[in-house]
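Residue-level structural notes
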Amino acid sequence: MKRFYLTFLYAILITTGAWAQTPAQIDKLNDDAEDSLNQNPKAVLVQATKVKASAEAIGYKKGMARAIAIMGVASYKVDDYSKAKMLISDAATINQQISDTGNLAFCKCWLG
């Protein structure tokens, strides 16, 4: 019976995407999302939202900020400009707090 519950819990963790990821895995997922921005921004919006949740779960602010910025660019590409500006501004604020100048420059480029 104990084995059943462990298997059940494992299945729930996998299907909900709540499985802990490493910063390197989150960076890779963000890279993949950014690479797909021009092909399918709606799918990227969903993917980046999941990456953001994974980064939040492990306290990885750099990965979270990048995912938020990608969500902002994807929102821009699907013509949701107000949401895009809000998300990219949020990402810029986080990048400023953690002194991530590379991602901060990315955000400022999109903010104009």
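Now for a look at the structure at hand. Please read all numbers here as calculations on a predicted model, not as lab measurements.

Attention shifts here to the overall build of the protein. A count of helices and strands for the protein gives six helices and zero strands. Along the protein, helices (α) and strands (β) appear in the sequence α-α-α-α-α-α when read from the amino end. In the protein, which comprises 112 residues, the share counted as buried stands at 32%. Sequence separation of at least 24 residues holds for 54% of the intrachain contacts in the protein that already meet a minimum separation of 6. Surface exposure of the protein reaches about 7100 Å², of which carbon and sulfur atoms provide 59%.

Once that is clear, we can look at helix H2 (residues 23–35). The terminal C-alpha atoms of H2, which comprises 13 residues, lie 18 Å apart, in line with the 18 Å expected from a rise of 1.5 Å per residue. Ile 26, Asn 30 and Ala 33 are the residues of H2 that are buried. The arc that holds the buried residues of H2, viewed along the axis, is 60°, so those residues lie on one side. Residues Ala 24 and Asp 35 are exposed on H2 and point more than 90 degrees away from its buried face. Close packing links the buried residues of H2 with helix H3 (41–58) and helix H4 (61–77).

Attention now moves to helix H6 (residues 101–111). Regarding H6, the residues found buried are Asn 103, Leu 104 and Cys 107. Around the axis of H6, the buried residues are gathered within 105° of arc, so they sit on the same side. Looking at H6, the residues exposed on the side facing more than 90 degrees away from the buried face are Thr 101 and Cys 109. Here the buried face of H6 lies against H4 and helix H5 (81–97).

Here we take up the pattern of salt bridges. On inspection of all chains with the given rule, the structure shows four salt bridges. Taking the shortest distance from any N to any O, the salt bridge between Glu 56 and Lys 52 comes out at 3.4 Å. Residue Glu 56 and its partner Lys 52 are both found in helix H3; the two are separated by four residues, about one turn of the helix. What makes Lys 52 partly exposed here is its relative accessible area of 22%. Shared partners join several salt bridges into a network, and the residues in it are Asp 31, Glu 34 and Arg 66.

Put simply, H2 and H4 touch, their axes get as near as 10 Å, and they point 15° apart. One element, H2, and the other, H4, form an angle in the roughly parallel class. The chirality of how H2 crosses H4 is left-handed. Together, Ile 26, Asp 27, Asn 30, Asp 31, Ala 33 and Glu 34 of H2 and Gly 63, Arg 66, Ala 67 and Ile 70 of H4 make up the contact between the two elements. Each residue belonging to the contact of H2 with H4 can be placed in one class, and the counts come to four nonpolar, two polar and four charged.

Conventions and cut-offs
Residues numbered from 1 in each chain as written. Predicted model: local features only at pLDDT ≥ 70, side-chain atom pairs only at ≥ 80, totals over all residues. Heavy atoms only, no water. Helix = DSSP H or I, 4+ residues; strand = E, 2+ residues; numbered from the N terminus. Buried < 20%, exposed > 50% of the residue type's maximum accessible area, 1.4 Å probe, protein only. Contact = heavy atoms within 4.5 Å. Areas by Shrake-Rupley, 256 points an atom, 1.4 Å probe, with all protein chains shown as cover. Expected span 1.5 Å × (residues − 1). Arc of directions from axis to C-beta. Salt bridge = Lys/Arg side-chain N within 4 Å of Asp/Glu carboxyl O. Axes fitted to C-alpha atoms, helices over the stretch in contact; angles between N-to-C directions. Parallel < 35°, antiparallel > 145°, perpendicular 65-115°, else oblique. Left-handed = near helix turned anticlockwise from the far one by under 90°. Nonpolar A, V, L, I, M, F, W, Y, C, P; charged D, E, K, R; others polar.

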